[in-house]
Amino acid sequence: MKPAKHVLRVGVIGAGAMGRNHARILSQLDRAELVAVVDDSPSVREAAASQLNCPTYATVEEAIEAGLDAAAVAVPTVTHHEVALKLIDAGVHLLIEKPIASTTAEAREIIARAEARGVRLTVGHVERFNPAIRALHDAVKDEQIISIAISRVGPFPPRITDVGIVTDLGVHDIDLIRWLGRSEIATRQALLTRARGGHEDVAFLQFRLESGALAHINTNWLTPFKERRISVSTPTRFIVCDMLLRTVNEYSGFAPDNQPGKLSHGSFVSRSLSVPFVEPLRAEIEAFLDAAEGKAPVEVTGADGLRSLEIALSCLSADAAPLEAAPALAQ
């Protein structure tokens, strides 16, 4: 008789928009049992219990007492540190939404505590699991990267109140630049604006990687429509990835027309790369469960989350650095 298959007992901490998506997917997986949804709102807990047919709790401590093997943490960033440490001390493997924490000191403590307790820690940089971005990554993984350009714009999301656009959205693209470029970021420049007051909502970020590649991010919460696009240049190809439509188009073989007396526009070969149909969050959760079970290494580590947070916070401090006075122009 075969031994009964062990099913991970998994909880979701925080049942806001992202937490509900985690809970939805976990409730559909045979390999995991959703045993706890935690939220401090009674109405949110009632809705979760009705929709997902799972136990709900008001506190992390109650969920831990019920028994957890792993958990997805989707509470506001300012509470990541407190919640994560409670779960880590209970030996619960963690998928913690990006950014990993509010400060680098908090992130380092989370990472150190997880290592000391033998807890597998994944940071939720879900864009790495977007099938179009994975197709782009595979297409350029053996080539020299010359430049990476990312545009991530859209309307203001009212649910975001605790951070600005650099730490909410910019960290996605900082992580992608490091991952696609296969190199650490060496230098950065930043220009930010607070058009609505409060946190920054427009950012132009520029980077040079240790490899010499250049990268920039254009991100804002002012555009009335969403755009998510990455362009990568190599010595032989220009590749464009639409993260929303999940398409990847490659342009190569440029050659001038060489027709005397005529304006030369040149020509190139274009083709669409194959992109499978995959829900990014489901792929991320599956990878997290593989890591929690010890079947595979963690794909996005605490160190990855920390480095992206460090760079994002450094961009905030680099904004509007003063210049020396310009010399008077000759008359």
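Scroll up for the structure.
Please read these numbers as outputs of a predicted model, since none were measured by experiment. (Residues numbered from 1 in each chain as written. Predicted model: local features only at pLDDT ≥ 70, side-chain atom pairs only at ≥ 80, totals over all residues. Heavy atoms only, no water.)

## With respect to the packing of helix H6 (residues 131–140) against helix H7 (residues 165–181)
Put simply, the test is: To obtain each axis, a line is fitted to C-alpha atoms, and for helices this fit is confined to the stretch in contact; angles are then taken between N-to-C directions over 0 to 180 degrees. The helix and strand labels rest on DSSP assignments: H or I over at least four residues marks a helix, E over at least two residues marks a strand, and numbering proceeds from the N terminus. Whether two residues are in contact is decided by their heavy atoms, any of which lying within 4.5 Å being enough. Amino acids outside the nonpolar list (Ala, Val, Leu, Ile, Met, Phe, Trp, Tyr, Cys, Pro) and the charged list (Asp, Glu, Lys, Arg) are all regarded as polar, and Gly is one of them.
At their nearest, the axes of H6 and H7 sit 9 Å apart, and the two run at 30° to each other. Residue-level inspection shows Ile 133, Arg 134, Leu 136, His 137 and Val 140 of H6 in contact with H7, the latter providing Leu 176, Trp 179 and Leu 180. Its residues assigned to classes, the contact of H6 with H7 shows six nonpolar, one polar and one charged.

## Here we look at the pattern of salt bridges
So the rule is basically this: Throughout this description, the term salt bridge denotes a Lys or Arg side-chain nitrogen within 4 Å of a carboxyl oxygen of Asp or Glu. Each residue's exposure class comes from its accessible area (1.4 Å probe, protein chains only) as a fraction of the maximum for that residue type: buried when under 20%, exposed when over 50%, partly exposed otherwise.
In this structure the tally under the stated criterion is 27 salt bridges. For Arg 117, the salt bridge goes to Asp 89, with nearest N and O atoms at 3.3 Å. Here the residue Arg 117 occupies a position in helix H5 (residues 104–117), and Asp 89 occupies one in helix H4 (residues 80–89), the gap between them amounting to 28 residues. Residue classification places Asp 89 among the partly exposed positions, given a relative accessible area of 40%. In this structure, the salt-bridge partner of Arg 108 is Glu 310, at a minimum N-O distance of 2.6 Å. Of the two residues, Arg 108 is situated in helix H5 and Glu 310 in helix H9 (residues 302–318); the sequence distance between them amounts to 202 residues. Each of Arg 108, Arg 128, Asp 175, Arg 178, Glu 184, Asp 304, Arg 307 and Glu 310 takes part in a single network of salt bridges with overlapping partners.

## Brief notes about the sheet that holds strand E6 (residues 121–124)
The criterion, for reference: Strand pairing requires that DSSP identify at least two bridges connecting the strands.
Spatially, the six strands line up as an open sheet ordered E3-E2-E1-E4-E5-E6, and their pairing is parallel. Each edge of the open sheet is held by one strand with a lone partner, namely strand E3 (56–57) and E6. As defined by bridge partners, strand E5 (residues 93–97) adjoins E6 across four bridges and the pair is classed as parallel. If you follow Glu 97 over to E6, its bridge partner there is Gly 124. The strands touched by H4 within the sheet are strand E1 (8–13), strand E4 (70–73) and E5, with E5 carrying the most contacts at an inclination of about 170°. Contacting E1, strand E2 (32–38), E4, E5 and E6, helix H8 (residues 280–292) runs over the sheet at an angle of about 150° to E5.

## A look at the pairing of strand E9 (residues 202–209)
When strand E8 (residues 185–193) meets E9, the two strands line up antiparallel, connected through eight bridges. Bridging from a neighbouring strand, Leu 192 pairs with Ala 203 of E9. Sheet topology places E9 next to strand E10 (residues 214–220); seven bridges connect them, and they run antiparallel. The residue of E10 that forms the bridge with Val 202 is Asn 220. Adjacent in sequence and paired antiparallel, E9 and E10 are bridged by four residues, among which Gly 212 carries a positive phi angle near 100°.

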